[in-house]
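Each chain is listed here by its residues.
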Amino acid sequence: MSLLDIRDLAVSYDGRRAVDGVSFAIEPEEVVAVVGESGSGKSTTAHAIIGLLPGNATVDAGRIGFGEVDLAGWSERRLRSVRGTQIGLIPQDPANSLDPVKTIGAQIGEVLRIHGHRDQRWDRRTIRRRVLDLLARVGLPDPEMQDRRYPHELSGGMRQRVLIAIAIALRPRLIIADEPTSALDVTVQRRILDLLDDLRTEYGTAVLLVTHDLGLAASRSDRLVVMKDGRIVEQGPTAAVLAAPEGDYTKRLLNDAPALSARPFLDPPGEPPEARPATGPAIVVRDLVKEFRVGRRPFRAVDGISFEVARGTTHALVGESGSGKTTTARLVVRFATPTSGTVTIAGAPDDRRFRRHVQLVYQNPYGSLDPRQSIGKIVEEPLRNFKLGDRATRRARVADLLERVALPKDVLARRPRELSGGQRQRVAIARALAAEPEVIVLDEAVSALDVTVQAQILDLLEQLQRDLGLTYLFISHDLAVVRQISHTVSVMSKGRIVETGTTRQVFTEPRHDYTRELLAAIPERVR
């Protein structure tokens with residue numbers, strides 16, 4: 001008998017069908033990956049299993065067999081007896097899934113107190129021991145210190161690991177992992193997935209992996225379920241689907257996934273030696289240091305780094321959370337002041353006009369746009385701020401920018417909430433281009449996007465660079481994406497640059513152990 005057996009599941013939101021006729025099964029100790037773009041119904045399917053759909057959702061039909069019972073007809077009270085003890089959930093968003101006013105240890109301990117087995121004694125000392133063990137198992141350093149910290153004191157990756165600790169606390173038979181590693185670096189991602197593999201082996205735990213990361217699904221699942229528009233378009237053993245996909249949609253997903261499609265390296269464009277002194281690099285960073293006061297002792301987030309970015313090229317800063325790459329980006333765009341060292345942007349003035357020369361595209365397309373403004377007003381804002389052109393000129397410029405980032409004219413009057421994640425990120429790029437900058441800093445600009453949308457945005461960035469001669473500083477933890485878009489790379493660890501070179505050199509001839517560790521954590525095809 002299958003551990004989970006879903007048959008003809010149908011779910012609607014306010015009468016609109018979101019999942020239609022979905023059927024698949026999961027065996028004990030098996031990993032089944034459900035893949036697809038945003039809106040494909042994969043998360044709705046996962047949340048329907050344990051009755052965590054929003055209030056406007058209804059399960060219209062189908063069977064959700066868990067062992068010998070059908071969960072589809074269960075009340076909320078009965079479902080509580082299954083959640084945590086039998087089925088664990090690793091939610092997607094660590095920022096909104098933890099209680100901001102409770103310590104990490106208290107939140108993990110709460111799971112043990114509320115859902116713990118009656119025949120096991122969970123006194124305060126036992127709970128604390130178990131909490132510290134769980135924090136250590138998910139790879140958090142110094143568990144005793146993390147136990148006393150609050151969610152806002154942890155990075156996104158660390159918060160995600162706390163959610164995984166909560167999900168595995170009671171050793172459930174099935175873990176539903178909804179984008180469990182989307183916020184994690186490649187090495188941490190591998191550690192977490194190895195942990196889930198260990199739990200499978202040790203406790204016979206099965207995993208339903210919901211993800212848009214085809215590389216992750218390919219390397220970690222036994223079977224693939226591909227969803228589109230609420231329906232399953234293809235499913236089967238992972239190796240078979242990857243080797244010979246039957247549907248056009250599956251083929252497109254595989255082709256767009258950076259981790260599964262090794263493209264040629266981008267070599268820095270050549271220029272005659274006599275031209276180099278005249279143009280010079282677009283960005284020059286020298287001996288940059290940034291310290292933060294933590295208690296009585298300063299914490300050095302960026303520790304004496306130096307690099308250059310040639311005009312019209314893309315330089316990537318890669319490293320794990322806490323390596324200093326985002327702090328470096330903030331120093332480059334002058335959102336923070338360095339403790340020492342210099343950042344020189346060729347041709348950029350020192351006054352407020354600096355913002356015309358250097359722009360930033362943020363990681364989160366959902367949080368970086370004003371929800372009260374129309375798309376037209378958002379893109380026009382830099383033009384108004386710098387008093388560029390009259391109203392008619394600005395309106396024409398906005399229309400041109402939207403066309404350049406491949407958005408239809410009808411989005412002008414719409415609000416951000418009416419757009420998909422990929423469309424919002426296109427708006428953010430259009431806004432960054434409005435003042436005609438020469439340098440754009442992209443901080444994890446595609447990490448929150450589906451693979452097909454991600455591929456479209458990367459192609460757009462390459463096209464804009466060719467057309468406008470833009471220089472990019474690209475911040476990312478995704479080495480597969482870095483391989484595809486960057487000409488040169490600097491690898492950061494603990495605030496320092498441990499290796500710099502062309503993308504080809506760094507990927508094919510890594511010199512530092514840390515770089516080799518990063519490369520070992522990504523799928524074989526893109527190394």
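Worth saying up front: this structure is predicted, and the values here are computed from it rather than measured.

## Observations regarding the environment of D513
Counting through the fold element by element, D513 comes out in helix α21 (residues 513-520). On the basis of relative accessible area, D513 is assigned to the exposed category, the value being 56%.

## A few points about the sheet that holds strand β15 (residues 358-361)
Each strand in a sheet pairs with its neighbour through backbone hydrogen bonds, running either in the same direction (parallel) or in the opposite one (antiparallel). One open sheet accounts for 6 strands, arranged β15-β16-β17-β13-β18-β19; its pairing is mixed. Looking along the sheet, the strands with just one partner apiece sit at the ends: β15 and β19 (496-502). Strand-to-strand, the axes of this sheet are offset by a mean angle of 15 degrees, without reference to chain direction. Here helix α13 (residues 325-332) sits on the sheet and contacts β13 (314-318), β16 (439-443), β17 (471-476) and β18 (488-493); the angle it forms with β17, its principal contact strand, is near 150 degrees. Relative to β15, helix α17 (residues 421-433) is tilted by about 170 degrees, and along the sheet it contacts β15 and β16.

## As for the packing of aromatic side chains
For the structure shown, the criterion picks out 1 aromatic pair. The aromatic ring of Y249 is capped on one face by K228, whose charged end is 5.6 Å from the ring centroid. Geometry around F265 places R483 over its ring, the cationic atom sitting 4.0 Å from the centre.

## Observations regarding the pairing of strand β9 (residues 223-228)
The buried fraction of β9 amounts to 5 of the 6 residues, a majority that puts the element mostly inside the structure. Across 6 bridges, β9 lies against strand β10 (residues 231-237) in antiparallel orientation. Residue pairing in the sheet places L224 in a bridge with G236 of β10. Counting the residues in the hairpin turn of β9 and β10 gives 2 residues, including D229, whose phi is positive at 55 degrees.

## So, the packing of helix α4 (residues 104-115) against helix α5 (residues 124-137)
Geometry of a packed helix pair, given as the angle between the helix axes and the separation of the axes. At a closest axis distance of 9 Å, the pairing of α4 and α5 adopts a crossing angle of 115 degrees. The interaxial crossing formed by α4 with α5 has right-handed handedness. Contacts between α4 and α5 involve I104, G105, I108, G109, L112 and R113 on the former and, on the latter, I127, R130, V131, L134 and L135.

## Considering the domain arrangement of the chain
If you check the domain split of the chain, you get domain 1 (4-256) and domain 2 (283-521). Centre-to-centre, using C-alpha coordinates, domain 1 lies 31 Å away from domain 2. Every contact between the two is made by 16 residues of domain 1 and, on the other side, 17 residues of domain 2. Surface buried jointly by domain 1 and domain 2 totals about 1,500 Å² across both partners, of which 50% is contributed by carbon and sulfur atoms. The three residues of domain 1 that bury the most area against domain 2 are D185, V186 and H212, which together make up 37% of that side's buried surface. The tally of links from domain 1 across to domain 2 stands at 0 salt bridges. The element that contributes the greatest number of residues to the side of domain 1 that touches domain 2 is helix α8 (residues 186-203), accounting for 4 residues. When the residues that make up the side of domain 1 that touches domain 2 are grouped by side-chain class, the tally is 5 nonpolar, 6 polar and 5 charged.

## Focus on α17
The terminal C-alpha atoms of α17 lie 19 Å apart, and with 13 residues this matches the ideal 18 Å at 1.5 Å per residue to within 8%. By the criterion of burial, α17 is predominantly enclosed, with 12 of the 13 residues buried. Along α17, the residues classified as buried are G421, G422, R424, Q425, R426, V427, A428, I429, A430, R431, A432 and L433. Where α17 is buried, its residues contact β15, α15 (375-385), α16 (391-404), β16 and α18 (451-468).

About the cut-offs
- Just so you know, the residues in each chain are numbered from 1, in the order the chain's sequence is written.
- Reporting of local features is limited, given that this is a predicted model, to residues whose pLDDT is at least 70; pairs of side-chain atoms are given and counted only at 80 or more, and all residues count toward the totals for whole chains, interfaces and linings.
- Hydrogens and waters are ignored; side-chain quantities use all the structure's heavy atoms.
- Secondary structure elements follow DSSP: runs of H or I no shorter than four residues count as helices, runs of E no shorter than two count as strands, and numbering proceeds from the N terminus.
- Think of it in three bands: with a 1.4 Å probe and only protein chains considered, a residue is buried below 20% of the maximum accessible area for its type, exposed above 50%, and partly exposed in between.
- A pair of strands is treated as paired once DSSP finds two or more bridges between them.
- The axes used here are C-alpha line fits, helices contributing only the stretch in contact, and every angle between their N-to-C directions lies in the interval 0 to 180 degrees.
- What makes two residues a contact is simply this: any of their non-hydrogen atoms within 4.5 Å.
- Centre distance within 6.5 Å is the pairing criterion for rings of Phe, Tyr and Trp, where only the six-membered ring of Trp is used; planes under 30 degrees apart are then read as stacked, over 60 as edge-to-face, and the remainder as tilted.
- In this analysis the charged atom, NZ for Lys or CZ for Arg, is taken to sit over a ring once it is within 6 Å of the ring centre and within 35 degrees of the ring normal.
- Handedness of a helix crossing follows the sense of rotation of the near helix relative to the far helix, less than a right angle counterclockwise being left-handed and clockwise being right-handed.
- Boundaries between domains were set according to an automatic or database domain assignment.
- Buried surface area refers to the total accessible area, computed with a probe of radius 1.4 Å, that the two partners give up upon joining, counted for both partners together.
- By salt bridge we mean one thing: a side-chain nitrogen of Lys or Arg within 4 Å of a carboxyl oxygen of Asp or Glu.
- Polar here means any residue other than Ala, Val, Leu, Ile, Met, Phe, Trp, Tyr, Cys and Pro, which are nonpolar, and Asp, Glu, Lys and Arg, which are charged; Gly is therefore polar.
- Multiplying one less than the number of residues by 1.5 Å gives the expected span of a helix.

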